[in-house]
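Structure at a glance
Next come the chains, spelled out residue by residue.
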Amino acid sequence: MSLARCPLMEAAAARFGWRHAYGDTTAVDALLTEQTETVYTQAADHAALATAKNTDVLAVQPGVLDVRGRVLADALYLEGVLTGARNCSLPPELIERLEDAVAHGHEMTVLFADIARTTAALHAAS
């Protein structure tokens with residue numbers, strides 16, 4: 001199947017809540033590489049846009065809060081995946097990796113909350 005059709009098929013499947021699982025690490029690595037390349041391509045102009053937009057401490061805050069919300073939602077989603085993995089007695093190595101990801105996600109939400117609070121505190125102090 002052509003790679004051009006894959007994103008369309010995956011988008012359609014996602015609308016119905018279906019996800020594709022990859023049975024070998026080569027396919028997973030290819031997807032991870034594709035995801036990375038796509039994001040970096042889309043973010044190529046981000047530094048210039050962020051420099052133009054983030055002219056003071058309060059301008060940084062909305063983006064940080066948006067990211068925190070997405071990371072928190074993803075961490076909570078992964079907590080559900082972790083619970084399911086535990087309940088189904090999946091391999092301990094998988095459970096350990098999921099535990100690490102969930103903990104890291106929660107740590108990131110704390111860091112983003114601290115950044116948001118810092119923007120408000122710095123604004124109030126100025």
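Residues numbered from 1 in each chain as written. Predicted model: local features only at pLDDT ≥ 70, side-chain atom pairs only at ≥ 80, totals over all residues. Heavy atoms only, no water.

Section: the overall build of the protein
Broken down by element type, the protein carries five helices and zero strands. The C-alpha radius of gyration computed for the protein amounts to 19 Å, which surpasses the reference 14 Å derived for 126 residues by more than 25%, pointing to a less compact arrangement than a globule. Considered along the principal axes of its C-alpha atoms, the protein spans approximately 55 × 35 × 25 Å. Out of the 126 residues belonging to the protein, those deemed buried represent 13%. With 9 positive and 16 negative side-chain charges, the protein shows a spacing of 8 Å between the two charge centroids. (Helix = DSSP H or I, 4+ residues; strand = E, 2+ residues; numbered from the N terminus. Rg over C-alpha atoms; globule rule 2.2 N^0.38 Å. Buried < 20%, exposed > 50% of the residue type's maximum accessible area, 1.4 Å probe, protein only. Lys, Arg positive; Asp, Glu negative; His and termini not counted. Charge placed at Lys NZ, Arg CZ, Asp CG, Glu CD.)

A short note on the nonpolar core
Counting five residues, the largest nonpolar core consists of L82, A85, I95, L98 and V102. No other element matches the three residues that helix α5 (residues 92-125) contributes to this core. Discounting residues that sit within four places of it in the chain, A85 has contacts with L90, I95 and L98. (Core = buried A, V, L, I, M, F, W, Y, C linked by side-chain atoms within 4.5 Å. Contact = heavy atoms within 4.5 Å.)

Looking at the confidence of the model for the protein
Chain-level pLDDT for the protein is 90 on average; 94% of the residues reach the 70-or-more range. By mean pLDDT, helix α1 (residues 5-15) is the weakest element of the protein at 68, and α5 is the strongest at 98. (pLDDT = per-residue confidence, 0-100.)

Observations regarding helix α2 (residues 25-42)
The terminal C-alpha atoms of α2, which comprises 18 residues, lie 25 Å apart, in line with the 26 Å expected from a rise of 1.5 Å per residue. Of the residues flanking the start of α2, the one acting as N-cap is D24, its side-chain oxygen 3.0 Å from the backbone nitrogen of T26. (Expected span 1.5 Å × (residues − 1). Polar contact = N/O pair within 3.5 Å; in protein donor to acceptor, adjacent residues only side chain to side chain.)

Notes on the side chain of T109
Looking at the secondary structure, you find T109 in helix α5. Judged by its relative accessible area of 5%, T109 is buried. When neighbours within four sequence positions are excluded, T109 is seen to be in contact with R68, V71 and L72.

Quick word on the pattern of salt bridges
Applying the stated criterion across every chain, the model contains two salt bridges. Across the pair R86 and E99 runs a salt bridge whose closest N-O atoms are separated by 2.6 Å. Pair noted here: R86 is in helix α4 (residues 57-87) and E99 is in helix α5, with a separation of 13 residues, a long-range link. Residue R86 is classed as partly exposed on the basis of its relative accessible area, which comes to 42%. On the accessibility criterion, E99 (31% relative accessible area) is partly exposed. Note that D114 and R117 form a salt bridge whose closest N and O atoms lie 3.2 Å from each other. Separated by three residues within a single helix, D114 and R117 lie in helix α5, roughly one turn from each other. Looking at D114, the relative accessible area reads 37%, which means it is partly exposed. Its relative accessible area of 55% is what places R117 among the exposed residues. (Salt bridge = Lys/Arg side-chain N within 4 Å of Asp/Glu carboxyl O.)

Describing α5
Over its 34 residues, α5 runs 49 Å from end to end, which matches the ideal 50 Å to within 8%, given 1.5 Å per residue. Buried residues of α5: I95, L98, V102, G105, T109, F112, A113, A116 and T119, and no others.

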